[in-house]
Amino acid sequence: MIKKVLIANRGEIALRIHRACHEMDIKTVAVHSTADAEAKHVKLADEAVCIGPPPATDSYLNIPNIISAAEISGADAIHPGYGFLSENEKFATIVEEHEVIWIGPKPEHIRVMGDKVEAKKTAGKLGLPLVPGSDGAVREIGEAKKIGDEIGYPLIVKAASGGGGRGMKVVPEAGKLESLMKQAGSEAKSAFGDDTVYLEKFLGNPRHIEFQIFGDGKGNAIHLGERDCSLQRRHQKVLEEAPGPTITDEERTRMGDICARAMADMGYRGAGTIEFLYEDGGFYFIEMNTRLQVEHPVTEMITGLDLVREQILVAAGQPLSVTQDEVTFTGHAIECRINAEHPETFAPSPGKVVNYHAAGGMHVRVDSGLYSGYSIPPYYDSMVAKLIVYGTSRNKCIRRLRRALEEMVIDGVDTTLPLHRALLEDPDVLEGNYTIKWLEEWLERNAAASDTQ
Ligand code: MV4
């Protein structure tokens, strides 16, 4: 079994990994930039190694420094968390070449899913339902026009190297196809060094539904149900819930089984998330994330499973702790991402937290590296806390979440707590009546309303 894990990350996810490790009698090594010397993950870990100056490219993305930290500390495994190097095929390969256990998927699977064209081809072969579109990359306008005639407009042009919403163009009609395809290609070239694009039918008003899957790397895989992550602003998730408020038990079982079968067939190892757009009762694969996700706790709340523990077990070559028949879904969970940002302008608000009180009580979980007196550095992501609440029903979950949001205190910086309190009063949110467009439209309406006051 693994004895010492190096945690190649920071903030709440570094703490989350540390906690799973200590519950398994595994020692932890924190790595940190000079800006994070006073961070909570550094204080809690058994050992800490400074890996460079504040910019992430010099520290949390610095592969030689992280490998050196693993060697000098004698760590036998590395957990990358999310973001940073978590979906870097090269890093995963280097870790394994150093005979350190990579707590993540096989490097080949990270590579395949990182290329959106290859990911879609693979998903199609494995039997996942796809958005109608080009069969792979589209290289010339004649081919694109033919696809447009076949599937109809509007279309969307996507960059093969994109993801997370970068490098996309909606094409309303055939007359705009050539110019928008050229634009998408040249933007992708300068952003990712790759101008490969592909085409899909544009879905106008879908929900974002994602399935959590786990594989043992030996041909066994399970699903842990879905999350609805439709409430997003500029491709950043704001609030996530499990189960999806519109997803039936029949849909969960049918789609979950398709996802698990696909992962078993590819021999997938570790945690993964298969993302779908969901419209008019249909699921359409868009991307797969080959890592643990920020919103994994809502799945933990309704299944009772510790997803980091499962990651560590399969990385160590052990079986998953449950079979599909043993996975149960009970009640409802919602996560609010709390960012150090102005709640209306979303301007980042780093600085000293003079007073911090986490919410508490039954079925309330706060994952955060904050403490009173901590200074939020300006160099990294602005998410500073996650409030995750469980209830036996969606209504009870919402009531408890509103109570927990009342209790939370983060003084000294702006946070998105007031945004969450307002969202949890909105009739559409209370009814689960929202799609991927809802939050930006709601923010626009509220901005217009406050302008006229
Ligand atoms: C789409 C789409 C509509 N039609 N694909 C955005 C990020 C990337 N993961 C895929 N995205 C989209 N792909 C087709 N064919 C709309 C989006 C999209 C979106 C998806 C999920 C959550 C929020 C979104 C916000 C804007 C656009």
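Along each chain, residue indices are assigned from 1 in the same order as the chain's sequence is written. Where local features are concerned, this predicted model is filtered to residues with pLDDT of at least 70; where side-chain atom pairs are given and counted, the filter is 80 or more; whole-chain, interface and lining totals use all residues. Here the side-chain values reflect all heavy atoms present in the structure, with hydrogen atoms and water set aside.

Peer 1: Sorry if this is basic, but what is going on with the pairing of strand β13 (residues 282-289) here?
Peer 2: Both faces of the sheet carry side chains from a regular strand, because those side chains alternate between them. Of all 8 residues that make up β13, 7 are buried, and the element is covered over most of its length. DSSP calls a pair of strands paired once it identifies at least 2 bridges connecting them. To qualify as a helix, a DSSP run of H or I must reach at least 4 residues; to qualify as a strand, a run of E must reach at least 2; elements of each kind are numbered from the N terminus. Bridge count between strand β12 (residues 269-279) and β13: 7 bridges; the pairing is antiparallel. Its bridge partner lying in β13, Phe 276 is registered against Phe 285. Note on classification: 1.4 Å probe, protein chains only; a residue is buried when its accessible area is under 20% of the maximum for its type, exposed when over 50%, partly exposed between these limits.

Peer 1: Even after reading the chapter, I still don't get the packing of aromatic side chains, so can you show me in this structure?
Peer 2: Aromatic rings in a pair are described by how distant their centres are and how their planes are angled relative to each other. Classification of ring pairs uses Phe, Tyr and Trp, with its six-membered ring standing for Trp, and accepts pairs whose centres are within 6.5 Å; under 30 degrees between planes counts as stacked, over 60 as edge-to-face, and the remaining range as tilted. Tallying each qualifying case throughout the model produces 11 aromatic pairs. Ring geometry for Tyr 371 against Tyr 374: centres 5.3 Å apart, planes inclined by 50°, an arrangement best described as tilted. By relative accessible area, which is 9% here, Tyr 374 ends up buried. Each ring, one from Trp 438 and one from Trp 442, has its centre 5.8 Å from the other, and the planes form 20°; the classification is stacked. Placement of both Trp 438 and Trp 442 in helix α15 (residues 438-451) is noted, with a separation of 4 residues, approximately one turn of the helix.

Peer 1: Explain helix α9 (residues 249-266) here, please?
Peer 2: Because an α-helix completes one turn every 3.6 residues, residues spaced three or four positions apart along the sequence face the same direction. Any helix carries an expected span of 1.5 Å times its number of residues minus one. The end-to-end C-alpha distance of α9 is 26 Å, a good match for the 26 Å that 18 residues give at a rise of 1.5 Å each. Within the span of α9, buried status applies to Glu 251, Arg 252, Met 255, Gly 256, Cys 259, Ala 260, Ala 262, Met 263, Ala 264 and Met 266. Note on contacts: a residue pair is in contact if any heavy atoms of the two residues lie within 4.5 Å. At its buried positions, α9 is contacted by α5 (107-114), β9 (207-216), β10 (221-233), β12 and β13. Two residues or fewer past α9, Gly 267 is found with a positive phi of approximately 75°.

Peer 1: When you look at the sheet that holds strand β11 (residues 236-242) in this model, what are you seeing that I'm missing?
Peer 2: Two pairing modes exist for strands in a sheet, parallel and antiparallel, and in both the strands are linked by backbone hydrogen bonds. Read across the sheet, 8 strands follow the order β13-β12-β9-β10-β11-β14-β19-β17 without closing on themselves; strand pairing throughout is antiparallel. Two strands in the sheet have a free side with no partner beyond their single neighbour: β13 and β17 (364-368). The sheet shows a mean angle of 25° between the axes of neighbouring strands, direction not considered. Under this scheme, a helix contributes an axis fitted over its contacting stretch, all axes are lines through C-alpha atoms, and angles between N-to-C directions fall in the 0 to 180 degree range.

Peer 1: What's the story with the sheet that holds strand β7 (residues 166-171) in this structure? I'm lost.
Peer 2: The strand order across the open sheet built from 3 strands is β7-β6-β8, with neighbouring strands paired in antiparallel fashion. Only two strands of the sheet have a single partner each, and these edge strands are β7 and β8 (197-201). This sheet shows a mean twist of 25° between the axes of neighbouring strands, independent of strand direction. Alignment of strand β6 (residues 155-163) against β7, held across 5 bridges, turns out to be antiparallel. Residue pairing for β7: Leu 155 is matched across the bridge by Val 171. With respect to the sheet, helix α8 (residues 177-192) is in contact with β6, β7 and β8, its orientation differing from that of β7 by roughly 175°.

Peer 1: I keep staring at the side chain of Glu 300 and nothing clicks. Help me out?
Peer 2: Counting through the fold element by element, Glu 300 comes out in helix α10 (residues 296-303). On the basis of relative accessibility, which here comes to 7%, the residue Glu 300 falls in the buried class. Apart from residues no more than four positions distant in its own chain, Glu 300 is found in contact with Arg 16, Leu 305, Asp 306, Leu 307, Val 308 and Arg 365.

Peer 1: Would you mind showing me how to read the domain arrangement of the chain here?
Peer 2: Often, the extent of an interface is quoted as the loss of accessible area upon association of its parts. With domains assigned, the chain is organised as domain 1 (4-103), domain 2 (132-201) and domain 3 (207-452). Here the C-alpha centre of domain 3 lies 30 Å away from the C-alpha centre of domain 2. The term buried area means the drop in 1.4 Å probe accessible area that two parts suffer when joined, counted for both and summed. Of the roughly 350 Å² buried where domain 2 meets domain 3, counting both sides, 51% is carbon and sulfur surface. Polar contact criterion, stated in full: a pair of N or O atoms within 3.5 Å, where within protein one must be able to donate a hydrogen and the other to accept it, and residues adjacent in sequence count only if both atoms are side-chain atoms. Taken together, the connections running from domain 2 to domain 3 amount to 0 residue pairs in polar contact (both at pLDDT 80 or more). Split by residue class, the side of domain 2 that touches domain 3 holds 2 nonpolar, 3 polar and 2 charged. Each domain's limits were defined by an automated method or a database of domain assignments. Each residue gets one of three labels, nonpolar for Ala, Val, Leu, Ile, Met, Phe, Trp, Tyr, Cys and Pro, charged for Asp, Glu, Lys and Arg, and polar for the others, Gly among them.

Peer 1: Even after reading the chapter, I still don't get the environment of Glu 440, so can you show me in this structure?
Peer 2: Assignment of secondary structure puts Glu 440 in helix α15. The exposure class assigned to Glu 440 is partly exposed, which follows from its relative accessible area of 34%. Sequence separation between Glu 440 and Arg 234 is 206 residues; the distance between their C-alpha atoms is 8.1 Å. Those residues in contact with Glu 440 that sit more than four places away from it in its chain are Gln 232, Arg 233 and Arg 234.

Peer 1: Which parts of the structure should I look at to understand the packing of helix α3 (residues 63-73) against helix α4 (residues 89-97)?
Peer 2: How two helices sit against one another is set out by the angle between their axes and by the gap between those axes. It is at 11 Å that the axes of α3 and α4 come closest, and there the two elements cross at 30°. By the angle between their directions, the pair α3 and α4 is classed as roughly parallel. Crossing handedness for the pair α3 and α4: right-handed. Here α3 contributes Ile 63, Ile 66 and Ile 67 to the contact with α4, which in turn contributes Lys 90, Phe 91, Ile 94 and Val 95. Residues that form the contact of α3 with α4 fall into these classes: 6 nonpolar, no polar and 1 charged. Throughout this description, any angle smaller than 35 degrees is read as roughly parallel, any larger than 145 degrees as roughly antiparallel, any in the 65 to 115 degree range as roughly perpendicular, and the remainder as oblique. Rotating anticlockwise by less than a right angle from the far helix to the near helix defines a left-handed crossing, while the corresponding clockwise rotation defines a right-handed one.

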